[in-house]
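Remarks on the overall topology
Read off the chains here:
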Amino acid sequence: MAMLQSFFQEYVQIPPITRAYCTACVMTTLAVQLEVLTPFHLYFNPELIFEKGQLWRLVTNFTFFGTVGFNCLFHMIFLYRYCRMLEEGSFRGRTSDFVFMFLLGGTMMIVVGLFVNIVFLGQAFTMMIVYIWSRRNPYVRMNFFGLMNFQAPYLPWVLLAFSFLLGNVITVDLMGIAIGHIYFYLEDVFPEQPGGFKILKTPHFMKVLFDGLHEDPNYNVLPEEERPGGYDWDGREERPQQGAEQAQDEQHND
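Let us look at the structure shown here. Computed from a predicted model, the values in this text were never measured in an experiment. (Residues numbered from 1 in each chain as written. Predicted model: local features only at pLDDT ≥ 70, side-chain atom pairs only at ≥ 80, totals over all residues. Heavy atoms only, no water.)

The helix and strand tally for the protein chain stands at eleven helices and two strands. From first element to last, N terminus to C terminus, the protein chain shows the α and β order α-α-α-α-α-α-α-β-β-α-α-α-α. Burial analysis of the protein chain (254 residues in total) assigns 41% to the buried set. Once local pairs closer than 6 in sequence are excluded, the contacts in the protein chain between residues at least 24 apart make up 68%. By element, 62% of the accessible surface of the protein chain is carried by carbon and sulfur atoms, the whole surface being about 14,700 Å². (Helix = DSSP H or I, 4+ residues; strand = E, 2+ residues; numbered from the N terminus. Buried < 20%, exposed > 50% of the residue type's maximum accessible area, 1.4 Å probe, protein only. Contact = heavy atoms within 4.5 Å. Areas by Shrake-Rupley, 256 points an atom, 1.4 Å probe, with all protein chains shown as cover.)

So, on to the packing of aromatic side chains. In this structure the tally under the stated criterion is 16 aromatic pairs. The interplanar angle of 85 degrees and the centroid separation of 5.6 Å between the aromatic rings of Tyr 21 and Phe 102 together place this pair among those described as edge-to-face. Here Tyr 21, found in helix H2 (residues 16-33), pairs with Phe 102, found in helix H6 (residues 95-113); they are 81 residues apart in sequence, far enough to count as distant. Judged on exposure class, the residue Tyr 21 and its partner Phe 102 are both buried. Ring geometry for Tyr 21 versus Phe 125: centroids 5.5 Å apart, planes at 80 degrees, classification edge-to-face. Of this pair, Tyr 21 sits in helix H2 while Phe 125 sits in helix H7 (residues 122-136), and the two are 104 residues apart along the sequence. By relative accessible area, which is 10% here, Tyr 21 ends up buried. Site record: aromatic cluster; members linked through ring pairs are Tyr 21, Phe 62, Phe 91, Phe 98, Phe 102 and Phe 125. Sitting over the ring of Tyr 11, Arg 19 keeps its end group 6.0 Å from the ring centre. (Phe/Tyr/Trp six-rings, centres within 6.5 Å; stacked < 30°, edge-to-face > 60°. Lys NZ or Arg CZ within 6 Å of the ring centre and 35° of its normal.)

Geometric values such as these leave the question of function open.
What follows is the structure, encoded as structure tokens:
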């Protein structure tokens, strides 16, 4: 009973959008595992969606990562961790912007899916999340299963190589990286360029719906040491400014 209560307390502390999406993924996986549903009810099929009216496929193809196994668990763990870190980090207090990113990224993937033969887009969506997080945290030092150390912007490419070694079709991962880069460029890069301006604007009704949610005063952000890859190697957290100063010093010494 105490374990169940502890699990529930941890569950309700997950930020709302991450909690909703990850819960949908787990429930979909369980439904398939228990043979309540089959993947044929879930996959992305434009003909069934637009001609037969099976609109749920626009959502369910993002919530299924395959039957329970290493590949499924691997992608769901990375989805949970990096989705949560984004929502708790650069999107904290901006839930509507986070939802808008979800919808924009998902829409772009669906449009691409109309022209390529990809039936489940959850893996691409995970890669998009990882890519955006990695570009917004460029000086975080990573460790991949104790095998290699690198900085965050290389993480999507490491995962791409690992996915290739697992025998997955890397076209899906490349789609996620490409769409993640489009979002990052339009949201974070282009507005800062000379003559640039903000292109992506969250609709007002979404701000009314989602930004009115009050954060739990007892809410605890996921500790950095519990996040895969983002470890404190030097006994202190490496801030972006510190990383930038270090890079400048190295260039000066060269």
